[in-house]
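Residue-level listing of the chains:
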Amino acid sequence: MNDRPQLNNQNLLRFANTLAGHYSNKQQAMDNPRNYAHINIYFRPLNWQVFQGPGYYSEQSYNHDPWRPYRQGIHKLQQKDDLFILLNYGCSKPERLAGAGFEPSLLKELHPQELKARVGCAMHFREINNGKYRGEVEPGKACMVPRDGKLTYLVSEVEVDENNWISRDQGLDPNSNEVCWGSEHGHLCFTRIAKLNELIDQNWLSKAQLD
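Here is a short report on the structure shown in this document. (Residues numbered from 1 in each chain as written. Predicted model: local features only at pLDDT ≥ 70, side-chain atom pairs only at ≥ 80, totals over all residues. Heavy atoms only, no water.)

### Section: the overall build of the protein chain
Moving on, step 1. A tally of regular secondary structure across the protein chain gives two helices and 13 strands.
Moving on, step 2. The C-alpha radius of gyration of the protein chain comes to 17 Å, within 12% of the 17 Å expected for a compact globule of 211 residues.
Moving on, step 3. Each principal axis of the C-alpha atoms in the protein chain carries an extent, and together these give about 55 × 40 × 35 Å.
Moving on, step 4. Relative to its full complement of 211 residues, the protein chain shows a buried share of 47%.
Moving on, step 5. Pairs at least 24 residues apart make up 54% of the contacts formed inside the protein chain by residues separated by at least 6 positions.
Moving on, step 6. For the protein chain, the computed accessible surface area is about 11600 Å², with 48% contributed by carbon and sulfur atoms. (Helix = DSSP H or I, 4+ residues; strand = E, 2+ residues; numbered from the N terminus. Rg over C-alpha atoms; globule rule 2.2 N^0.38 Å. Buried < 20%, exposed > 50% of the residue type's maximum accessible area, 1.4 Å probe, protein only. Contact = heavy atoms within 4.5 Å. Areas by Shrake-Rupley, 256 points an atom, 1.4 Å probe, with all protein chains shown as cover.)

Next comes the structure, spelled out in structure tokens:
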């Protein structure tokens, strides 16, 4: 009975370490500046107290405007069998956290009571190769994103390993399933610039949900 939780914890710990990092698509932007902006992605672990369990703060920003991220998220990490789940939350005053990807002291402004669940927007990851994970939005087409005056549902795909983060986000019409927004030129290809996993150890996972 003790073997399975230990195995799950080791798998979860490896996934958690893989996810945490600073990623940049600088090379892609340099090779094709007409079609790709230079973007940074940060996935920074949160102190255990925020969720009473493992979690992350994430942000994406243009390299020329790092203090005004165009996407921010707070994520609670869970595991169910071979599925790694990132529950998605927003907060009431995201501007107070802007830049926390590279300036973690700003995360002192994150208060759990201000978090609001983004229903239908959890990301589900599975290991597809040794140390390589593929994630997508949970089934149900329920992660609604307003864009240009209409609601669309989010389709998000991510592949991440020790060195790379490859992603594509699109918004689709809930009636016709036609693509309304998203990259017109294919996936964004990021390289890991730094690991941000200083907080991650067995204690950080100590009350992770193992179903």
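### Things to note about the side chain of Glu59
Moving on, step 1. Mapped onto the elements, Glu59 comes out in strand S3 (residues 55–62).
Moving on, step 2. Among buried Asp, Glu, Lys and Arg side chains, Glu59 stands out as unpaired, with Arg44 the closest opposite charge at 7.9 Å.
Moving on, step 3. A distance of 3.2 Å separates a polar atom in the side chain of Glu59 from the backbone nitrogen of Gly101.
Moving on, step 4. If we ignore the near neighbours within four places in the chain, the residues touching Glu59 are Asn40, Ile41, Tyr42, Pro69, Arg71, Gln72, Leu97, Ala98, Gly99, Ala100, Gly101 and Phe102. (Lys, Arg positive; Asp, Glu negative; His and termini not counted. Salt bridge = Lys/Arg side-chain N within 4 Å of Asp/Glu carboxyl O. Polar contact = N/O pair within 3.5 Å; in protein donor to acceptor, adjacent residues only side chain to side chain.)

### As for the nonpolar core
Moving on, step 1. Grouped together as the largest cluster of nonpolar side chains are 33 residues, with contacts concentrated most on Tyr56, Phe125 and Trp165.
Moving on, step 2. Examining the composition of this core, we find that five residues originate from one element, helix H1 (residues 3–19), more than from any other.
Moving on, step 3. By size, the runner-up hydrophobic cluster in this structure holds twelve residues, among which are Tyr57, Ile74, Tyr89 and Leu97. (Core = buried A, V, L, I, M, F, W, Y, C linked by side-chain atoms within 4.5 Å.)

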